[in-house]
Amino acid sequence: GHPFATTCRSVPPLECMKVLAVAEKPSVAKEIANILSQQSYRTQQGPSQYNRLFEFSTPYRGSQCQMIVTSVTGHLMELEFCDERHAKWKRCDLIELF
């Protein structure tokens with residue numbers, strides 16, 4: 001199964017979960033937000049002027065889930081990050097990737 005499936009099943013139904021979804025490009029992020037929120041999302045500027053944040057609440061497993069959908073821009077040129085700061089994903093501060 002999917003690596004997040006076990007984690008999601010273990011969340012108590014009354015706990016508010018926050019989910020970050022990252023799309024391959026800005027237009028896809030907007031479309032995902034449109035579909036999942038039924039055109040009822042808020043937008044705000046993210047760390048990059050090119051990648052907006054789409055925020056909304058949606059039901060998930062009996063409770064409300066707070067979702068943020070954003071995107072990336074640019075091209076992947078390598079399979080791995082060469083920069084030592086990002087070489088070990090478990091030790092990387094995610095905000096550094098923006």
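Our subject is the structure listed above.
Given the structure is predicted, the values throughout are model-derived calculations rather than measurements. (Residues numbered from 1 in each chain as written. Predicted model: local features only at pLDDT ≥ 70, side-chain atom pairs only at ≥ 80, totals over all residues. Heavy atoms only, no water.)

Novice: Describe in detail a nonpolar patch on the surface, supporting the description with residues and values.
Specialist: There is a patch of nonpolar side chains on the surface, built from L20, V22, I68 and V72 and spanning about 320 Å² of accessible area. Within the secondary structure, L20 sits in strand β1 (residues 17-23). (Patch = residues over 30% accessible without salt bridge, like charges linked within 9 Å, V, L, I, M, F, W, Y side chains within 5 Å. Areas by Shrake-Rupley, 256 points an atom, 1.4 Å probe, with all protein chains shown as cover. Salt bridge = Lys/Arg side-chain N within 4 Å of Asp/Glu carboxyl O. Helix = DSSP H or I, 4+ residues; strand = E, 2+ residues; numbered from the N terminus.)

Novice: Talk me through the sheet that holds β1; I want residue IDs and the actual numbers.
Specialist: Taking strand neighbours across the sheet as the criterion, the four strands line up as β1-β4-β3-β2 in an open arrangement whose pairing is mixed. At either end of the open sheet lies a strand with only one pairing partner, and these are β1 and β2 (42-45). If you compare each strand with its neighbour and ignore which way they point, the axes differ by 30 degrees on average. Note that strand β3 (residues 52-60) and strand β4 (residues 63-71) share seven bridges and pair antiparallel. Counterpart to S57 in the pairing with β4 is Q66. Contacts from helix α2 (residues 26-37) reach β1, β3 and β4 within the one sheet, and its direction differs from that of β3 by about 30 degrees. (Pairing = 2+ DSSP bridges. Axes fitted to C-alpha atoms, helices over the stretch in contact; angles between N-to-C directions. Contact = heavy atoms within 4.5 Å.)

Coordinates in, geometry out; function isn't part of it.
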